[in-house]
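Inside the fold
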Amino acid sequence: MKKLFFTIVAALVNTAMTFAQSSVLATLSHDGEISTYYGATALKQAHAAAQHGDVITLSSGSFQAVDITKALTIRGAGMQTDSIANIYPSVVVGAFYINVADTLEQHLTVEGIYFDNNAVTVYNKLKNATFVKSRFFSFASIYGSTHGYGYMVNLAFIHCKIANDFNNSNGSNSVSFVNSVIMNPTVGSIDFTNNSFEFTNCVIRWNTKSPSDVSFYAIYKNCILSTDANSSTGCLPSSNMIYNSLGIASVDMFKNFRSSGNNMFYKASNLSDMFKSWNGTFTDKENFELKEDAKTTYPGDDGKELGIYGGNLPFTPNPTNPKITKFNVASKSTADGKLSVDIEVKAAE
């Protein structure tokens, strides 16, 4: 891993002094020019100034949420703390909506951000958006005509964690999850026949709502699925397809499926049979690691372990983009009225 260091010497402007002393910042890249914004409102300021296709980069620290209405790349320092790698999260605080026109040539990309315990809501049709290495509490599409019925078309979640629920209320959606953790995927609708959801090397948990209650079309490959349902309503609907996945429940989650091969699906009764520490409740400290024997007892179709650390893209929370890891401002300006600002940028591995 490389580190790049550079020093920005900026002219001291009295009206900007308060912002410069702040510990967090956002940069906006537009047509090769970079603008810098400081403080908790830095993300809001950068979004207001941005145009479709621009890149916003956040340092570690907390930022006020902003409603996203532009097709941007928004990247942070990470979604969780890694003191060994010297990575500390970019935290976005507050609920917000995403309303990016699906007719745009550019598309929304979000990476390396911890979104706090508030809802992210999709208005109208969100198309071809990608969310990478980010933690969400609730991610949902809106149901109602006031803001436009929410649709998720060709969305991808890669190395993400959804802590509380993923809720789709409408039909004609297509979403893929790769090496991610999803709690309560209530993705059915009155007309779910046109929905298409794909889960690859994921950990999925239904709690108060069982799979049958949220019937939808989905494909699971090399996944671990669990529910606390204790009746036949805890079984996956036959509209789903299962490949080398494990169901953990007190009932047979796969009873609606006819086995066509020994490795199409596996069954276990307790989470403790598989996981080192996960007990079914989401916490940010949980890493969803499997026990050593579980990695080989239930192999994926590629011979690797099931869940988020298997497959071709094993989970890691650290972003792939360069990250702003340190931002220090001199306490005093120089004799000629300039202020020294040191920014440390850590390049991706």
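Below is a short write-up of the structure.

Rules and cut-offs
Residues numbered from 1 in each chain as written. Predicted model: local features only at pLDDT ≥ 70, side-chain atom pairs only at ≥ 80, totals over all residues. Heavy atoms only, no water. Helix = DSSP H or I, 4+ residues; strand = E, 2+ residues; numbered from the N terminus. Buried < 20%, exposed > 50% of the residue type's maximum accessible area, 1.4 Å probe, protein only. Contact = heavy atoms within 4.5 Å. Salt bridge = Lys/Arg side-chain N within 4 Å of Asp/Glu carboxyl O. Patch = residues over 30% accessible without salt bridge, like charges linked within 9 Å, V, L, I, M, F, W, Y side chains within 5 Å. Areas by Shrake-Rupley, 256 points an atom, 1.4 Å probe, with all protein chains shown as cover. Disulfide = S-S within 2.5 Å. Phe/Tyr/Trp six-rings, centres within 6.5 Å; stacked < 30°, edge-to-face > 60°. Core = buried A, V, L, I, M, F, W, Y, C linked by side-chain atoms within 4.5 Å. Polar contact = N/O pair within 3.5 Å; in protein donor to acceptor, adjacent residues only side chain to side chain.

Glancing now at the overall build of the protein. Scanning the protein for helices and strands turns up three helices and 28 strands. The buried share of the protein, reckoned over its 349 residues, is 51%. A sequence separation of at least 24 residues applies to 45% of the contacts in the protein between residues at least 6 apart.

Our focus in this paragraph is the pattern of salt bridges. Under the criterion given, the structure shown has five salt bridges. For Lys-267, the salt bridge is made with Asp-252, and the minimal N-O distance between the two is 3.1 Å. One end of the pair, Lys-267, is in strand β26 (residues 265-268); the other, Asp-252, is in the loop between β25 (245-248) and β26, with 15 residues separating them in the sequence. Note on Lys-267: relative accessible area 48%, which makes it partly exposed. Taking the relative accessible area as the measure of exposure, Asp-252 reaches 29% and is therefore partly exposed. Where Glu-292 meets Lys-295, a salt bridge forms, and the shortest distance between an N and an O atom there is 3.0 Å. Of this pair, Glu-292 and Lys-295 both sit in helix α3 (residues 292-297), three residues apart, which is roughly one turn of the helix.

Attention shifts here to a nonpolar patch on the surface. Taken together, the side chains of Ile-219, Met-241 and Tyr-243 define a hydrophobic patch exposed on the protein surface, amounting to about 230 Å² of accessible area. One can find Ile-219 in strand β22 (residues 218-221).

The tally for this structure, following the rule as stated, stands at zero disulfides. With no disulfide of its own, Cys-160 lies closest to Cys-202 among cysteine sulfurs, the gap being 9.8 Å. Residue Cys-223 stays outside any disulfide, its sulfur separated by 4.8 Å from that of Cys-202, the closest cysteine. In this structure Cys-223 comes out as buried when scored by relative accessible area, which is 0%.

Turning our attention to the packing of aromatic side chains. In the structure shown here, the tally under the stated rule is 22 aromatic pairs. Taking 6.0 Å as the distance between ring centres and 90° as the angle between the ring planes, the aromatic pair formed by Tyr-309 and Phe-315 counts as edge-to-face. On the basis of relative accessibility, which here comes to 24%, the residue Tyr-309 falls in the partly exposed class. Members of the aromatic cluster, connected to one another through ring pairs, are Phe-96, Phe-115, Phe-131, Phe-136, Phe-139, Phe-157, Phe-166, Phe-177, Phe-197, Phe-199 and Tyr-220.

Moving on to the environment of Glu-105. Mapped onto the elements of the fold, Glu-105 is located in the loop between β8 (96-98) and β9 (109-111). Along the chain, Glu-105 and Gly-53 lie 52 residues apart, while their C-alpha atoms are 8.8 Å from each other.

For the rest of this paragraph, the subject is the nonpolar core. For soluble globular proteins, the rule of thumb is that nonpolar side chains tend to be buried together. Phe-131, Phe-139 and Phe-157 are the most contacted members of the largest nonpolar core, which has 58 residues in total. Ignoring anything within four residues of it in the chain, the contact list for Phe-139 reads Ile-98, Val-120, Val-122, Phe-131, Met-152, Leu-155, Phe-157, Asp-165, Phe-166 and Asn-167. Residues Met-79, Trp-278, Phe-288 and Leu-290 belong to the second largest nonpolar core, which totals 24 residues.

For the rest of this paragraph, the subject is the side chain of Ser-245. Looking at the element boundaries, Ser-245 is found in strand β25. At 3.4 Å, the side chain of Ser-245 forms a polar contact with the backbone nitrogen of Asn-222. With sequence-adjacent residues up to four places away left out, Ser-245 is seen in contact with Tyr-220, Lys-221, Asn-222, Cys-223, Leu-225, Phe-254, Met-264, Phe-265, Tyr-266 and Leu-306.

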